[in-house]
There are 2 protein chains.
Amino acid sequence: MTTDTNSEKEIVTAAMIVIGDEILSGRTQDKNVAHVALKLSEVGIQLREVRVIPDVESEIIDAVNHCREKYNYVFTSGGIGPTHDDITADSIARTFNVSIDYHPEAMEILTRHYETSGIEFNEARKRMARIPDTATLIDNPVSKAPGFQIGNVFVMAGVPMIMQAMMESILPTLTGGAKMHSRTIGAALPEGKVAKDLGELQVKYPDVSMGSYPYFKQGKVGTNLVLRSIFTDQLNTAHAELMAILEKQGAEILQSE
Amino acid sequence: MTTDTNSEKEIVTAAMIVIGDEILSGRTQDKNVAHVALKLSEVGIQLREVRVIPDVESEIIDAVNHCREKYNYVFTSGGIGPTHDDITADSIARTFNVSIDYHPEAMEILTRHYETSGIEFNEARKRMARIPDTATLIDNPVSKAPGFQIGNVFVMAGVPMIMQAMMESILPTLTGGAKMHSRTIGAALPEGKVAKDLGELQVKYPDVSMGSYPYFKQGKVGTNLVLRSIFTDQLNTAHAELMAILEKQGAEILQSE
């Protein structure tokens, strides 16, 4: 990652914290990280770190404190439902050393929702209206129980459909920086064959990050070469040079975008 | 997670560090975490944390140092190929403050492999034989280039097929502790309806970790209730009580295992 240096464009960074025993047990495959990464990328924010941690208060506090210092934005998913294992809101209040109580607007939203749907608004469900002091609500058009923002930390649900809807609510409020552009070449060759040339190309274009990702598909070896940069001119020049290198090697190009 | 306390059974923990810009960019969906979690679980090792970090030496050193102190085992994936962006081996050598050089056995394995397959064993490919001093090799039956173990850190490839093969090589060498057992009940009810009873059941069985995971499928709301414990008797009793609670509420049971 050399794009931060020698650049007048502003780099805006983010971390994501996935809170959930169910991911760590292997029971559930995370679907939120890739979505958040792509959405942030669209508005010029680079996801730089992901942590998956258990539903344990001290772990949540440590991870959020570390990430909110180090990155411009922090996004969490998971642990804001009505059950006893949903401890994210309380843990975030502790992280910011603020009190937590029933939020009037959240109570109003949930009261209306449960009245309309004819479902009892019981004590457990009222827990979902507990929001740390000074936080602002994040709209949840799917199941109504809001997420919230406090400082540079955005607290979202873990259920992918809800998290994605919350992300849509959040995105227009974020201040992005330089957009990372990406070009990919898929070639039917083992990466070891292009490694030397690619390494030399990387030295020539320090502001273009070059990644090589081999794969095996139906017994055939291939490599995806991914070029990323906030500078489109350098990106396109490097892409053209890499294409020339691959063609000179006689490699079959499966994809170029 | 209350299973650590009041227990004579030994808890063995692990962290996984996914090294790769391609996951953070959202381009590639990680497939390794769930696999490692499930495999470790089979041998009595609990995955407690996952970090996804970029291909940056300082980030690798910080993450590995933190995790190898905190957990019994650390597993990394990614960054051990032949290209310039594969910096994991050098970063791990730096982490352990040891030198790194061509490993005789790794050189022998790769020399034989490339001779047999008629592919040039060029300088880039020789990089894959660079192994930190004092490390031992991890067998790679898929593409031959080995992973390695140093201290309590196991360094594996990022390509899922190779990582899975390496995991099979590693598993018999690990010392597991108490096995975490798990039972799941899927019920056609919103979690808010069972939240109070579930919370009371959690208080009654502190050594059974109870998680509630709501979902929306084809417009219907359901909840998976997951009970986990190293104590099978308590797990089974809690499961039976939870089934009784759900039946009393008239909830349709979709799954119970």
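All values reported here derive from a predicted model rather than from experimental measurement.

### Digging into helix 5 (residues 104-117) of chain B
A turn of α-helix holds 3.6 residues, and therefore any two residues three or four places apart point the same way. End to end, helix 5 of chain B covers 20 Å across 14 residues, agreeing with the expected 20 Å (1.5 Å per residue, within 8%). Within two residues after helix 5 of chain B, Gly118 of chain B carries a phi angle of roughly 70°, on the positive side.

### Side note on the interface of chain A and chain B
With 49 residues of chain A in contact, the opposing surface of chain B contributes 50 residues. For the side of chain A that touches chain B, the elements supplying multiple residues, two or more each, are helix 1 (21-24), helix 2 (32-42), strand 2 (45-53), helix 6 (123-126), helix 8 (191-204), strand 10 (209-217) and strand 11 (220-229) of chain A. Of all the elements, strand 10 of chain A adds the most residues to the side of chain A that touches chain B, at eight residues. The residue makeup of the side of chain A that touches chain B, split by class, is 23 nonpolar, 14 polar and twelve charged. Of the strand pairs in this sheet, strand 2 of chain A and strand 2 (residues 46-53) of chain B are connected by three bridges, and their pairing is antiparallel. Bridge pairing in strand 2 of chain B places Val52 of chain A opposite Val50 of chain B.

### Structural notes on the sheet that holds strand 10 (residues 209-217) of chain B
All names here are of chain B. Pairing in this open sheet of four strands is antiparallel, and the strands run 10-11-9-12 from one edge to the other. Strands at the two margins of the open sheet, each flanked by one partner only, are strand 10 and strand 12 (253-256). Each neighbouring strand pair of the sheet contributes to a mean axis angle of 15°, computed without reference to strand direction. Here three bridges tie strand 9 (residues 181-187) to strand 12, and the two strands are oriented antiparallel to one another. Paired with Ile185 across the strands is Ser256, a residue of strand 12. Lying on the sheet, helix 9 (residues 232-248) is in contact with strand 9, strand 11 (220-229) and strand 12; it crosses strand 9 at an angle near 5°.

### Some words on the domain arrangement of chain A
Looking at chain A, the domain boundaries give domain 1 (12-173) and domain 2 (181-256). Taking only C-alpha atoms into account, the centre of domain 1 of chain A sits 38 Å from that of domain 2 of chain A.

### Things to note about the relation of the copies chain A and chain B
Aligned on chain B, chain A shows an RMSD of 0.0 Å; the corresponding rotation is 180° and the shift along the axis is 0.0 Å. Between the two chains, the operation in question is that of a two-fold axis. For chain A, the minimum C-alpha distance to the rotation axis belongs to Arg51 of chain A and amounts to 2.3 Å. A shared interface surface links the copies, since 100% of the contact residues of chain A are contact residues in chain B too.

### Focus: the confidence of the model for chain A
Residues and elements named next belong to chain A. The predicted model of chain A averages 94 in pLDDT, with 97% of residues at 70 or higher. Segment residues 1-6: pLDDT under 50, and 13 contacts once partners within four positions in sequence are set aside and those in other chains are kept. Predicted complex, confidence summary: ipTM 0.93, pTM 0.93.

### Remarks on the nonpolar core
Residues Val74 of chain A together with Val74 of chain B are the most contacted members of the largest nonpolar core, which totals 102 residues. Those residues in contact with Val74 of chain A, other than ones at most four positions away along the chain, are Ala14, Ala15, Ile17, Val64, Cys67, Arg68, Asn152, Val153 and Phe154 of chain A.

### Some thoughts on the pairing of strand 8 (residues 153-156) of chain A
All names here are of chain A. Side chains Val153 and Val155 project from strand 8 onto one buried face, and the interleaved Phe154 and Met156 project onto a second face that is buried too. Two strands pair when backbone bridges link them, and strand 3 (residues 73-77) and strand 8 are joined in this way by four bridges, in the parallel orientation. Along strand 8, the bridge assignment pairs Val74 with Val153. Where strand 7 (residues 147-150) meets strand 8, three bridges bridge the pair, whose relative direction is antiparallel. Bridged to Gln149 within strand 8 is Phe154. Following strand 7, the chain reverses through two residues before pairing antiparallel with strand 8; Gly151 in that reversal takes a positive phi of roughly 60°.

Rules and cut-offs
- Residues numbered from 1 in each chain as written.
- Chains lettered and ligands numbered in written order.
- Predicted model: local features only at pLDDT ≥ 70, side-chain atom pairs only at ≥ 80, totals over all residues.
- Helix = DSSP H or I, 4+ residues; strand = E, 2+ residues; numbered from the N terminus.
- Expected span 1.5 Å × (residues − 1).
- Contact = placed C-beta atoms within 7 Å.
- Nonpolar A, V, L, I, M, F, W, Y, C, P; charged D, E, K, R; others polar.
- Pairing = 2+ DSSP bridges.
- Axes fitted to C-alpha atoms, helices over the stretch in contact; angles between N-to-C directions.
- Domains from an automatic or database assignment.
- Least-squares fit on C-alpha atoms with pLDDT ≥ 70 in both.
- pLDDT = per-residue confidence, 0-100.
- Core = buried A, V, L, I, M, F, W, Y, C linked by C-beta atoms within 7 Å.
- Buried ≥ 20, exposed ≤ 12 C-beta atoms within 10 Å, placed from the backbone.

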